[in-house]
Amino acid sequence: MAVYKFKTPISEEEIRKLKVNDVLYITGTMVTARDQAHRRALEHFKQGKALPISLEGLAVFHCGPVMKKEGEKWIPVAAGPTTSTRMDIFEDEFIKNFKVRVIIGKGGMGRRTTEAMAKYGAVYGAFTGGAAVLAAKAIRSVRTVEWFDLGMPEAMWVLEVEEFGPLAIAIDSHGNNLFMEVQKKVEENKQRIYQKLGLSP
Amino acid sequence: METANIVEKVGFNLLKQAVIYLPEDVKHALQKAYAEETSEAGKTQLKAILDNVELAERHQAPICQDTGTIIFYVKAGAGVKNLDKIEETLTKATRRATVEVPLRPNSVNPFTQKNSGDNTGRLIPYINWEIVSGDSIELTVMPKGGGSENVCISGMLVPGEGIKGLKKFVVDAVIRAGAKPCPPNILGIGIGGGADISIKLAKKALLRPLNEPNPDPEIAELEKEIFEAVNMTGIGPMGLGGKTTALGVHIDYAYRHPASYPAAVAFQCWAARRATARINSAGKVEYLTHRMW
Ligand code: SF4
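Here the structure is a predicted model, which is why all the values come from computation and not from measurement.

## What about helix H4 (residues 111–120) of chain A?
Residue and element names in this part refer to chain A. Among all positions of H4, only Thr113, Thr114, Ala116 and Met117 are buried. Looking straight down H4, one finds its buried side chains confined to an arc of 165°; they lie on one side. Facing away from the buried side of H4, by more than 90 degrees, are the exposed residues Arg111, Glu115 and Lys119. On its buried face, H4 is in contact with helix H3 (88–98), strand S6 (102–105), strand S7 (123–127) and strand S9 (156–171).

Below is the structure:
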């Protein structure tokens with residue numbers, strides 16, 4: 001397990017250094033995107049429309065934050081990760097089209113995303129589910145909010161972060177997926193548990 | 001002071017306490033898990049959880065951004081007046097907490113998909129009533145997160161399989177849930193009564209502190225057995241592997257129909273938020289889970 005600290009924009013070369021079980025901290029620009037922002041971004045791409053901000057080399061955070069407005073400024077109150085599997089249907093296209101390097105969320109993602117990450121050079125960093133204050137405190141400022149019509153949780157928040165983490169690298173750019181490995185082990189353990197409890201499978 | 005005013009104030013305080021401060025028993029369980037976890041990835045997650053708990057307290061911010069669906073448990077003394085006003089009062093307290101704490105607006109009309117914006121709506125906040133003797137009121141709030149709620153299950157098991165069937169049901173549910181409910185989790189298990197009763201018992205069992213096993217030694221033994229079994233799964237903190245998958249297992253039951261074996265598992269995430277207070281007939285308030293208040 002190695003600890004890495006990267007600044008955005010992150011290059012493909014840098015991202016390929018990471019292996020599952022490494023820990024990453026990110027400094028720089030990060031955008032939030034949940035289902036609706038993913039859908040809209042991909043629609044824009046299809047129509048040849050530019051996104052409000054180029055995502056190349058940046059981190060995308062699966063997060064529906066609680067923000068508070070003080071005067072003209074947005075202050076993050078709580079900003080923990082949401083379940084990433086919902087974004088599985090969009091993420092391969094998202095990585096391919098926008099060249100994001102880090103996807104941050106909780107719960108892991110599936111085979112399709114793992115393959116796209118290996119092909120285009122990106123990683124999945126698991127941020128501790130529920131650790132919303134830890135996340136909020138690593139956000140230095142809210143640069144802007146795009147697509148606010150989608151509602152506060154679904155909008156695309158552009159954040160400046162400092163040492164955002166710890167991110168457990170759970171999918172690397174070499175086809176490894178820690179969540180799938182754990183799942184496999186769990187299936188094996190299941191038989192031992194059944195035995196211990198005197199159950200037949 | 002009017003009962004309604006006191007209840008509103010206490011309801012508000014409970015919401016605030018619950019979303020910012022984890023109960024002591026949950027904190028202790030997390031610290032113990034951190035000390036004992038052997039998986040590196042799991043330990044990193046538990047450390048982040050403990051750091052987050054501390055930061056939340058220091059900055060008076062909600063522990064998790066999902067401040068949940070607001071559920072109250074009210075134990076009302078039969079002698080308490082104006083019980084018919086409590087629902088309205090707790091709804092007001094919820095509205096105020098949404099703005100002032102703040103809580104994330106989490107109440108959506110299932111037909112129009114419109115968010116009410118203030119954590120209220122038809123039957124929300126939900127109130128579970130229990131009438132007891134005496135003239136004091138005990139109020140408990142459980143802000144229940146969506147991630148762990150999404151994997152709650154209830155099922156009608158085969159009566160002939162008895163407790164064995166139940167054990168399999170629970171282990172399979174935990175494995176199916178995997179990383180989704182933000183493990184380590186607390187499991188509430190409800191048995192008997194009927195489909196609705198078992199899930200209600202399961203959820204209510206989540207209110208029991210982690211250091212209180214079931215008073216019935218045989219059930220306490222079963223709780224321990226299931227606890228050890230689910231921690232053998234290897235799911236670990238946040239599903240990244242490790243030996244801490246559950247922080248506790250609580251069972252409650254009702255008698256069942258001879259032909260039915262209803263069972264339910266309610267999942268609570270590590271952000272196991274709850275707060276309780278008692279209001280006596282003179283209007284004196286005692287905070288039971290968050291004594292520093
Ligand atoms: S499951 Fe619990 S800890 Fe995880 S995001 Fe939801 S409320 Fe927060």
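We are not done yet, so read on.
## What about the confidence of the model for chain B?
Of the residues in chain B, 99% reach a pLDDT of 70 or more, and the chain-wide mean stands at 96. Model confidence for the complex is summarised by a pTM of 0.93, with the ipTM given as 0.90.

## A short note on the nonpolar core
If you look at the biggest cluster of nonpolar residues, it comprises 134 residues, and the most contacted ones within it are Ile104(A), Phe164(A) and Trp270(B). For this core, the element with the most residues is S9(A), which contributes eleven residues. Split by domain, the residues of this core number at least three in each of domain 1 (3–21 + 63–145 + 273–287) and domain 2 (147–268) of chain B. Core analysis: the second largest hydrophobic core is formed by 30 residues, Val101(B), Ile127(B), Leu139(B) and Tyr287(B) among them.

## Considerations on the sheet that holds strand S5 (residues 185–191) of chain B
All names here are of chain B. Taken in spatial order, the four strands make up an open sheet running S4-S7-S5-S6, and their pairing is mixed. Strands at the two margins of the open sheet, each flanked by one partner only, are strand S4 (153–157) and strand S6 (246–253). Within this sheet the neighbouring strands show an average axis-to-axis angle of 15°, counted without direction. With six bridges joining them, S5 and strand S7 (residues 261–268) adopt antiparallel strand pairing. By the bridge assignment for S7, Ile189 is matched with Val265. The sheet contacts of helix H6 (residues 162–177) involve S4, S5 and S7, and relative to S7 the element is tilted by about 30°.

## Describing the environment of Lys190(A)
Looking at the secondary structure, you find Lys190(A) in helix H6 (residues 178–196). Non-local contacts of Lys190(A), meaning those with residues more than four positions away in its chain, are made with Asp172(B) and Ile175(B).

## Some points on the site of the ligand
By nearness alone, every residue bordering the ligand is listed as Lys106(A), Gly130(A), Cys64(B), Asp66(B), Gly145(B), Gly147(B), Ser148(B), Cys182(B), Cys269(B), Trp270(B), Ala271(B) and Arg273(B). Neighbouring residues of the ligand are distributed over chains A and B. Taken together, the residues of the shell around the ligand sort by class into five nonpolar, four polar and three charged. Split by domain, the shell around the ligand shows at least three residues from each of two domains, domain 1 (3–21 + 63–145 + 273–287) and domain 2 (147–268) of chain B.

## Some details on H6(A)
The terminal C-alpha atoms of H6(A) lie 26 Å apart, and with 19 residues this matches the ideal 27 Å at 1.5 Å per residue to within 8%. Residues Leu178(A), Phe179(A), Val182(A), Val186(A), Asn189(A), Lys190(A), Ile193(A) and Tyr194(A) constitute the buried set of H6(A). Contact partners of the buried residues in H6(A): S7 and S9 of chain A together with H6 and helix H8 (217–230) of chain B. Of the residues flanking the end of H6(A), it is Gly198(A), one or two places downstream, whose phi is positive at about 70°.

## Quick word on the pairing of S7(B)
Residues and elements named next belong to chain B. Extensive coverage of S7 is indicated by the burial of eight of its eight residues. Because side chains alternate across S7, one face comprises the buried residues Tyr261, Ala263, Val265 and Phe267, and the other comprises Pro262, Ala264, Ala266 and Gln268, equally buried. Of the strand pairs in this sheet, S4 and S7 are connected by five bridges, and their pairing is antiparallel. Across the sheet, the residue bridging to Ser154 is Ala264, located in S7.

## Quick look at the interface of chain B and chain A
For an interface, size is often stated in terms of accessible area lost upon the parts coming together. Contacts between the two partners involve 40 residues from chain B and, on the opposite side, 42 residues from chain A. Counting each side, the surface lost to burial between chain B and chain A is near 3,400 Å², with a carbon and sulfur contribution of 69%. The largest share of the area that chain B buries against chain A comes from Gln65(B), Met232(B) and Leu240(B), three residues that together contribute 20% of it. Remark: the boundary between chain B and chain A carries one salt bridge. Where chain B packs against chain A, one counts 13 residue pairs in polar contact (both at pLDDT 80 or more).

Reading the values: rules and limits
- Residues numbered from 1 in each chain as written.
- Chains lettered and ligands numbered in written order.
- Predicted model: local features only at pLDDT ≥ 70, side-chain atom pairs only at ≥ 80, totals over all residues.
- Heavy atoms only, no water.
- Buried < 20%, exposed > 50% of the residue type's maximum accessible area, 1.4 Å probe, protein only.
- Helix = DSSP H or I, 4+ residues; strand = E, 2+ residues; numbered from the N terminus.
- Arc of directions from axis to C-beta.
- Contact = heavy atoms within 4.5 Å.
- pLDDT = per-residue confidence, 0-100.
- Core = buried A, V, L, I, M, F, W, Y, C linked by side-chain atoms within 4.5 Å.
- Domains from an automatic or database assignment.
- Pairing = 2+ DSSP bridges.
- Axes fitted to C-alpha atoms, helices over the stretch in contact; angles between N-to-C directions.
- Near = heavy atom within 4 Å.
- Nonpolar A, V, L, I, M, F, W, Y, C, P; charged D, E, K, R; others polar.
- Expected span 1.5 Å × (residues − 1).
- Buried area = accessible area lost by both parts, 1.4 Å probe.
- Salt bridge = Lys/Arg side-chain N within 4 Å of Asp/Glu carboxyl O.
- Polar contact = N/O pair within 3.5 Å; in protein donor to acceptor, adjacent residues only side chain to side chain.

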